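Take a look at the letters that make up each chain.
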Amino acid sequence: MLNATRAGRRHRTATAIVAAFLMVAGCSGQDPQDGATEIVEVPPEVVVDKAAPPEPATVVAWPLTGVAGEPAARPAMSIKIENSNAARPQTGLQAADVVWEQMVEGGITRFNAVYHSAIPEEVGPVRSVRPMDAGISAAYGGLIVFSGGQAPFVQAVRNVGLQVLSHDGGQAGFFRTSDRFAPHNLYGTPQDFLDQADDAHSAAPPTQFTFARTAAAATAVTAGTPASSLAVNFPQAHPGWTWDAGQGLWLRTEDGAPAGTTDTGQLTAVNVVVLRVDVVTTSYRDPGGAPVPETVVVGSGEAVVATGGQTITGTWSKPDDASPVTLTTADGTVIELAPGNTWVELLPTANASISVG
């Protein structure tokens, strides 16, 4: 059918040219039948290539940071790290791809630090597991490392498919230091933990947050408002973040003072994500008799995302333990973070606040 259509167009074009020639010849008195030979040229048909432009090349990146590069074939590793006054400064914390700050007994905080792209030589102080760690770490898969914990909390992390490495369970890689009092002196060697990963827990983690290709293209940078500081107030913990334009990083503070480490200096983050979450009191108690709180990490709520010296508000959602957290703007657009490490503040909706300066 297409060839017939094109032939028809060429025939009509040729007929029109011949007719025009006859009109001119008639006006001049010349008969085209008197022996003259007339050559009619038909212009070639132009075919427009309507093929779609090629798709942009896929960028290979580390799944937990969005930083370009070929990811290592090793599992993610969640390690519970203490954040009481006696635990500071910590070791190996800056190497984590993602750090989740959660409220524990007494209103203080503890960290669930997730490692994949960088593995520090040592990490600690390592402390016990809590009920929300199953929901936090399930989406990463791989290993979860802690010093101990109540039986239901330990079983919960097993139930979501994580491989458990516990000091109380006798796994290798833990050691005590002599410069601090117990229980604040338990440390670990991450490579020893990774060496114990079984075949079912050796794969690299799936992508979690959505990342822009560059820091300049992050959603908070392109659509947010300028901010120089964040004050995140838990009932008994007061971390803060100050934007350093020279380094292009958020610098962490504790109670207004720089939050340092023993190995890398002040803690920094490319992205700070604050999720407003419900916290419920469980029926369990810690060794001191205090009720154990549980942060509800399945559901949805308000979110504040800080990237590149700017912030944007939105919504977080997580339908189940196995799913990652999704961040969206008011119109439902997915929020893209800048490539790099991320700190997630699980800030209670009650008796806690955030202030953006």
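Okay, so let's go over this structure. (Residues numbered from 1 in each chain as written. Predicted model: local features only at pLDDT ≥ 70, side-chain atom pairs only at ≥ 80, totals over all residues. Heavy atoms only, no water.)

1. Points about the side chain of Ser166
If you trace the backbone, Ser166 turns up in strand S5 (residues 163-166). In contact with Ser166, other than residues within four places in its own chain, are Phe146, Ser147, Gly148, Gln171 and Phe174. (Helix = DSSP H or I, 4+ residues; strand = E, 2+ residues; numbered from the N terminus. Contact = heavy atoms within 4.5 Å.)

2. Notes on the packing of aromatic side chains
If you walk through the whole model with that rule in mind, you get 6 aromatic pairs. Note on Phe111 and Trp343: the rings are 5.2 Å apart at their centroids and 85° apart in plane angle, and the pair reads as edge-to-face. Residue Phe111 is found in strand S3 (residues 109-115), and its partner Trp343 is found in strand S20 (residues 342-348); the two are separated by 232 residues along the sequence. Both residues of the pair, Phe111 and Trp343, belong to the buried class. Taking the centre distance of 5.3 Å and the plane angle of 65° together, the rings of Trp241 and Trp343 count as edge-to-face. Of this pair, Trp241 sits in strand S10 (residues 239-244) while Trp343 sits in strand S20, placing them 102 residues apart in sequence. (Phe/Tyr/Trp six-rings, centres within 6.5 Å; stacked < 30°, edge-to-face > 60°. Buried < 20%, exposed > 50% of the residue type's maximum accessible area, 1.4 Å probe, protein only.)

3. Focus on the pairing of S5
Residues Gln163 and Leu165 line one face of S5 and the alternating positions Val164 and Ser166 line the opposite face, and both faces are buried. Both strand S4 (residues 143-146) and S5 contribute to a ladder of 4 bridges, which runs parallel. If you follow Leu143 over to S5, its bridge partner there is Gln163. In the classification by handedness, the crossover that spans S4, the intervening helix H3 (residues 151-159) and the parallel S5 is right-handed. (Pairing = 2+ DSSP bridges. Right-handed = clockwise from strand over helix to strand, strands pointing away.)

4. Focus on the side chain of Thr219
Within the secondary structure, Thr219 sits in helix H5 (residues 219-223). Not counting the four nearest positions on each side in its chain, Thr219 is found in contact with Gly224, Ile312, Thr329, Val334, Ile335 and Glu336.

5. Looking at the nonpolar core
Across soluble globular proteins, nonpolar side chains show a tendency to be buried alongside one another. Ranked by size, the top nonpolar core spans 38 residues in total, and within it Met77, Ile79, Ile81, Leu93, Tyr115, Val272 and Trp343 carry the most contacts. Aside from chain neighbours lying at most four places away, what touches Trp343 is Leu93, Val99, Glu101, Phe111, Trp241, Arg252, Leu267, Thr268, Ala269, Asn271, Val272 and Val273. (Core = buried A, V, L, I, M, F, W, Y, C linked by side-chain atoms within 4.5 Å.)

6. Some points on the pairing of strand S17 (residues 299-307)
As a general feature of sheets, a regular strand has side chains that alternate between the two faces. Direction of pairing for strand S14 (residues 271-277) relative to S17: antiparallel, over a ladder of 5 bridges. Across the sheet, the residue bridging to Val273 is Val305, located in S17. Bridging between S17 and strand S18 (residues 310-318) involves 9 bridges; their strand directions are antiparallel. By the bridge assignment for S18, Ser300 is matched with Ser317. Once S17 ends, the chain turns through 2 residues before running back antiparallel as S18, passing Gly308 with a positive phi of about 60°.

7. Description of the pattern of salt bridges
Evaluation of the coordinates by the stated rule reveals 7 salt bridges. Between Arg127 and Glu82 there is a salt bridge, with its nearest N and O atoms 2.8 Å apart. With Arg127 in the loop between S3 and helix H2 (133-137) and Glu82 in strand S1 (residues 77-82), the pair connects residues that are 45 residues apart, well separated along the chain. Across the pair, exposure class does not vary: Arg127 and Glu82 are buried alike. (Salt bridge = Lys/Arg side-chain N within 4 Å of Asp/Glu carboxyl O.)

8. Some thoughts on unusual backbone geometry
With omega at 0°, the peptide bond leading from Gly124 into Pro125 counts as cis. Locating Pro125 in the fold gives a position in the loop between S3 and H2. Going from Ala182 to Pro183, the amide bond is cis rather than trans, its omega being 10°. By the secondary structure assignment, Pro183 is in the loop between strand S6 (174-176) and strand S7 (186-188).

9. Section: H3
Looking only at H3, the buried set comprises Phe153, Val154 and Val157. All buried residues of H3 lie within an arc of 100° about the axis, which places them on one face of the element. Projecting away from the buried face of H3 at angles above 90 degrees are the exposed residues Ala151 and Asn159. On its buried side, H3 packs onto H2, S4, S5, strand S15 (279-285) and strand S16 (291-295). Just downstream of H3 lies Gly161, where phi reads positive at about 100°. (Arc of directions from axis to C-beta.)

10. Overview of the environment of Gly340
Relative to the helices and strands, Gly340 resides in the loop between strand S19 (326-328) and S20. With near-sequence residues (within four places) excluded, Gly340 lies in contact with Leu64, Thr65, Val67, Phe211, Val270 and Asn271.

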